[in-house]
Amino acid sequence: MMVIEYDLLIRDATIIDGTGREAYRGSIGVKGDRIVALGEVRGDAVMEVDASGLLATPGFVDSHSHSDRNILFYPLCESDVHMGVTTFVGGQCGSSPAPVGEVVRLPGIAEEYVFELEPFMYFPRKPYFPLERVNELLKEKFGWAITWRTMGEDFKVIEEKGFSINYAPLVGHGACRTAVLGNDYERQSTPEEVEAIGKLIRQAMDEGCIGLSAGIDYDPDCFASREEIDRHVAILREYPGAVYAPHWRRTGRRRGITAGIPWNRIQGIIDELETAKKAGVPIVIAHLYGGWDATPIPPPKVIQEAIGRATLDVIDRYIAEGVRAYFDVIPYWWFTSQYLCGHFAPFLRLLGSREAFARALRMADFRQEVKEALQRGKFYIQPPSNPNMNPNWAKEITITEHKNPKYLDRSIAEIAMEMGKDPMDAWFDLIVEDPDSRCSIGDYRFTEDYVKLFYKHPRGMVGVDSSMVDDKREGVYPPWARPGPNTYSAYPSFLTRYVKEQGLLTLEEAVRKCTALPAEAYNLKGRGTIEVGSYADILLINWENLRMNSTPKETRRYPTGFEYIFVNGVAVIEKDKHTGAKPGRVLRRGQG
């Protein structure tokens, strides 16, 4: 009688175990959800995979994700798992699915329906609405409602539905603050409210959250005092291994941002490091970029590198003082793809269509109104293409689709120079000529020079800062947004750019920054490595064929090269195709 020794046997792979150690040739035996044998592995298995010529790596651990906001909309976790993510750290930027009070945000992709709850031109008065109204909309549009109040109750809801990858949950300080203050949050909390917020943080930690996030640029955390943040982060000392993950102050509240506002980003980084130091807890600094700016942009490479080194010097000083500090970095080279008119969503909402906006732009006084609204900060554009934040904004917008082919693959700056016009008027003229034209937007950091320094740092790792969707996703309201390239291809682009093309990192180093390092930073035991006893989150990669298929013209394409992806020992991807399996788990603090 044949004895089946393994549920899964991966034979003859080149194993990169995630620790940074040199790759080796061997086989992997899996029983249940664990790796039980490595190297020379013999025996029979329920499923065998010939991995000759393939890399076996741990599944990628996304250090900074918002996929918790979409997990009930996309339980197959398509865009995440197709690029190799088997675990994501959610609840970031102060926003988590709970605790739920009397007012809440619309979750995930439902957020674009905010216009149906409160028509507005520039900003809604508050991004939070009565729970009853939010649930009515969710039931109408998606067939489900928010039935939970606590993080523990939310975990049960998503576990009952099932999902394809693992979710390591943070509780959001902003969610706790809103649950206590409701919509009266544009002020400092009273001592009694601070105590009530702390009680909710403790409840979420008791229910399994791995730490606390904060969103210092966003409502409601941008109104919290430093003392309030310090006091609540200190609660994490009561929970060994718990982590503080702040979205640090970079711009401040993203309303009323006009030209000439000084950005003191390095102080935002220092504030969070000081908080972690006083609390005596580990910190993961979210989506790090340079603590200073230099003008004119872009300055020479040597200055950008100096900004990067000076930023790292600050972090290293705190590490030397005993702070257990890590940081993640977003690996994209262009920000997104969108309609060329998409930046002007307030006017698209007002006029109802791209064509109507283009017609209105023929009027000189309407153009002037749009310019003045932007100059006064009445609406917000992301930094790369925001004239109030980037003097070279016109160089960051590249035309990808236009009925006049002479404009394709050229920047607005280049086209404006040819036209002999102000770049803003050239932008408007391009929209008038083709309302359906599209563009890609450059990296908000303006340079790659210090990004590479950040990735070389021993505490620097990959965080995607996106949310899972599928390859059909497009907004139904202006600006009819499509997800950016990072949503689909962050990890293949990181590996291709910094290992294959630039040789910045060895393959072993790069894999560690996607796997074992984020698992270490967030204390995710048994994740991020291929070792005996580790959970069987395993990628089988055809290294020669690994590539991102997102382009500036069409971002919504899954990468290729992932022959198999296993989550907790179950195949979720086979030959680049989703199997429909949903073996994902909520990774509660102290559990696998």
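Preceding this section is the structure that the text describes.
Below or above, wherever it landed, is the structure these notes cover.

The rules we used
- Residues numbered from 1 in each chain as written.
- Predicted model: local features only at pLDDT ≥ 70, side-chain atom pairs only at ≥ 80, totals over all residues.
- Heavy atoms only, no water.
- Helix = DSSP H or I, 4+ residues; strand = E, 2+ residues; numbered from the N terminus.
- Rg over C-alpha atoms; globule rule 2.2 N^0.38 Å.
- Buried < 20%, exposed > 50% of the residue type's maximum accessible area, 1.4 Å probe, protein only.
- Contact = heavy atoms within 4.5 Å.
- Lys, Arg positive; Asp, Glu negative; His and termini not counted.
- Charge placed at Lys NZ, Arg CZ, Asp CG, Glu CD.
- Disulfide = S-S within 2.5 Å.
- Pairing = 2+ DSSP bridges.
- Axes fitted to C-alpha atoms, helices over the stretch in contact; angles between N-to-C directions.
- Parallel < 35°, antiparallel > 145°, perpendicular 65-115°, else oblique.
- Nonpolar A, V, L, I, M, F, W, Y, C, P; charged D, E, K, R; others polar.
- Core = buried A, V, L, I, M, F, W, Y, C linked by side-chain atoms within 4.5 Å.

**Concerning the overall build of the protein**
No. 1: From N to C terminus, the protein includes 18 helices and 22 strands.
No. 2: Here the C-alpha radius of gyration of the protein, 24 Å, is about what a compact globule of 592 residues would show, namely 25 Å.
No. 3: Based on the C-alpha atoms only, the size of the protein along its principal axes is roughly 85 × 60 × 50 Å.
No. 4: Across the 592 residues of the protein, 64% fall into the buried class.
No. 5: Once local pairs closer than 6 in sequence are excluded, the contacts in the protein between residues at least 24 apart make up 76%.
No. 6: Each charge sign in the protein was given a centre, from 72 positive and 82 negative side chains, and these centres are 2 Å apart.

**Details of the state of the cysteines**
No. 1: Taken as a whole, this structure holds zero disulfides when the rule is applied.
No. 2: With no disulfide of its own, Cys176 has Cys209 as its nearest cysteine by sulfur position, at a separation of 8.4 Å.
No. 3: Of all cysteine sulfurs in the structure, the one in Cys77 sits closest to Cys514, which takes part in no disulfide; the separation is 18 Å.

**Here's the deal with the pairing of strand β14 (residues 325-329)**
No. 1: Within β14, five of the five residues are buried, leaving the element largely enclosed by the surrounding structure.
No. 2: What you see with β14 is no split at all: Ala325, Phe327 and Val329 on one side and Tyr326 and Asp328 on the other are buried throughout.
No. 3: Pairing between β14 and strand β18 (residues 460-462): three bridges, direction parallel. When the sheet's bridge partners are listed, Val329 is paired in β18 with Val462.

**Structural notes on helix α5 (residues 173-181)**
No. 1: For α5, a buried count of seven out of nine residues is recorded, marking the element as mostly surrounded by other parts of the structure.
No. 2: If you check which residues of α5 are buried, you get His173, Gly174, Ala175, Cys176, Arg177, Thr178 and Leu181.
No. 3: In this fold, the buried residues of α5 make contact with β8 (103-104), β10 (166-172), α6 (191-206), β11 (211-215) and α7 (226-234).
No. 4: Just downstream of α5, Gly182 is the residue with a positive phi angle, here 60°.

**So, the packing of helix α13 (residues 412-419) against helix α14 (residues 423-433)**
No. 1: Closest axis-to-axis distance for the α13/α14 pair is 9 Å, and the angle between their directions is 95°. If you check the angle between α13 and α14, you find them roughly perpendicular. Each of Ile412, Ile415, Ala416 and Met419 in α13 lies in contact with α14, whose residues at this interface are Pro423, Ala426, Trp427, Asp429 and Leu430.
No. 2: When the residues that make up the contact of α13 with α14 are grouped by side-chain class, the tally is eight nonpolar, no polar and one charged.

**Brief notes about the nonpolar core**
No. 1: Ile146, Leu273, Ile285, Leu288, Tyr491 and Phe494 are the most contacted members of the largest nonpolar core, which has 118 residues in total.
No. 2: A per-element tally of this core places helix α16 (residues 486-501) first, with seven residues.
No. 3: Setting aside its immediate chain neighbours within four residues, Phe494 contacts Pro331, Tyr455, Val462, Val499, Leu505, Ala510, Lys513 and Cys514.
No. 4: Val370, Ala373, Ile415 and Phe428 belong to the second-largest nonpolar core, a separate cluster that totals 32 residues.

**So, the environment of Leu504**
No. 1: Relative to the assigned elements, Leu504 resides in the loop between α16 and α17 (507-514).
No. 2: For the pair Leu504 and Tyr455, spaced 49 residues apart in sequence, the C-alpha to C-alpha distance is 8.8 Å.
No. 3: Setting aside residues no more than four positions away along its own chain, Leu504 makes contact with Lys452, Tyr455, Lys456 and Tyr498.

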